[in-house]
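Breakdown of the fold
Each chain, letter by letter, is given below.
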Amino acid sequence: MMCFIVFGIIALIFGARMTVSSAIDMAHFLNVSERIIGLTIVTFGTSLPELITCVVAAIKRRSDIVIGNIVGSNLFNILFVLGLTGLIVPIPFEYAFLLDAALGVVATVLLWLFVFNNNKFNRIEGFLFLIIYIFYTVFLFN
């Protein structure tokens, strides 16, 4: 059992190194900043398991799992992952990230307002979020 745990940790470290190296190479190849690759390609890849989990939970009408996964993941990433990483190595913060952080705050407030209004997040609101994300992604690459 311990062998599988050690192997899993080694595989995670190796996979993370490959992801970071590939992201850097992709940014250079596409002639865009590493920030943009991190905010799009890397984020998309690391969020796919959450997407599938949320879709399956929504189909099964397990809204607590959907919202818990999304909110919990964001809180974990911002508070724990960023906190632990900053504890190990100082992280330079570019002013360009202020817009990204502001959009995150706006999205959170919109989610709160939509859910507060009728205790549901419906198709129109989901469509609006998708459109905002598409515009944001297009904005990043321009």
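Because the structure is a prediction, the values reported are computed rather than measured. (Residues numbered from 1 in each chain as written. Predicted model: local features only at pLDDT ≥ 70, side-chain atom pairs only at ≥ 80, totals over all residues. Heavy atoms only, no water.)

**What to know about the side chain of Ser73**
Put simply, the rule is: Strands here mean DSSP runs of E at least two residues long; helices mean DSSP runs of H or I at least four residues long; both are numbered from the N terminus. Residue contacts follow a heavy-atom distance rule, with two residues in contact if any of their heavy atoms lie within 4.5 Å.
Within the secondary structure, Ser73 sits in helix 3 (residues 63-88). Once residues lying within four places of it in the same chain are set aside, the contact partners of Ser73 are Glu50 and Gly68.

**Things to note about the pattern of salt bridges**
Inclusion rule: Here, a salt bridge means any side-chain nitrogen of Lys or Arg that lies within 4 Å of a carboxyl oxygen of Asp or Glu. Here the term buried applies to any residue with accessible area under 20% of the maximum for its type, exposed to any over 50%, and partly exposed to those in between, with areas from a 1.4 Å probe on protein chains only.
A complete count under the given rule lists 1 salt bridge for this structure. Asp100 is the salt-bridge partner of Arg35, the closest N and O atoms lying 3.0 Å from each other. In this pair, Arg35 sits in helix 2 (residues 34-59) while Asp100 sits in helix 4 (residues 96-118), placing the two residues 65 residues apart along the sequence. The pair Arg35 / Asp100 is uniform in exposure class, with both members buried.

**Structural notes on the packing of aromatic side chains**
Cut-off, in case you're wondering: Here a pair means two rings of Phe, Tyr or Trp (six-membered ring of Trp) with centres within 6.5 Å. Their orientation is stacked below 30 degrees between planes, edge-to-face above 60, and tilted elsewhere. The criterion is that NZ of a Lys, or CZ of an Arg, lies within 6 Å of the ring centre and within 35 degrees of the ring normal, and then a charge sits over that ring.
Enumeration according to the criterion identifies 7 aromatic pairs in this entry. Seen in terms of ring centroids, Phe114 and Phe121 are 6.2 Å apart; in terms of plane orientation they differ by 50°. Their pairing is tilted. Given a relative accessible area of 16%, Phe114 falls into the buried group. Both rings, one in Tyr133 and one in Tyr136, keep their centres 6.2 Å apart while their planes meet at 50°; by these two values the pair is tilted. Taken together, the residues Tyr133 and Tyr136, both in helix 5 (residues 123-141) and 3 residues apart, mark about one turn of the helix. Judged by relative accessible area, which is 39%, Tyr133 ranks as partly exposed. Each member of the aromatic cluster is reached from another via a ring pair, and the members are Phe114, Phe121 and Phe129. Over the ring of Phe97 we find Arg35, and its NZ or CZ is 5.5 Å from the ring centre.

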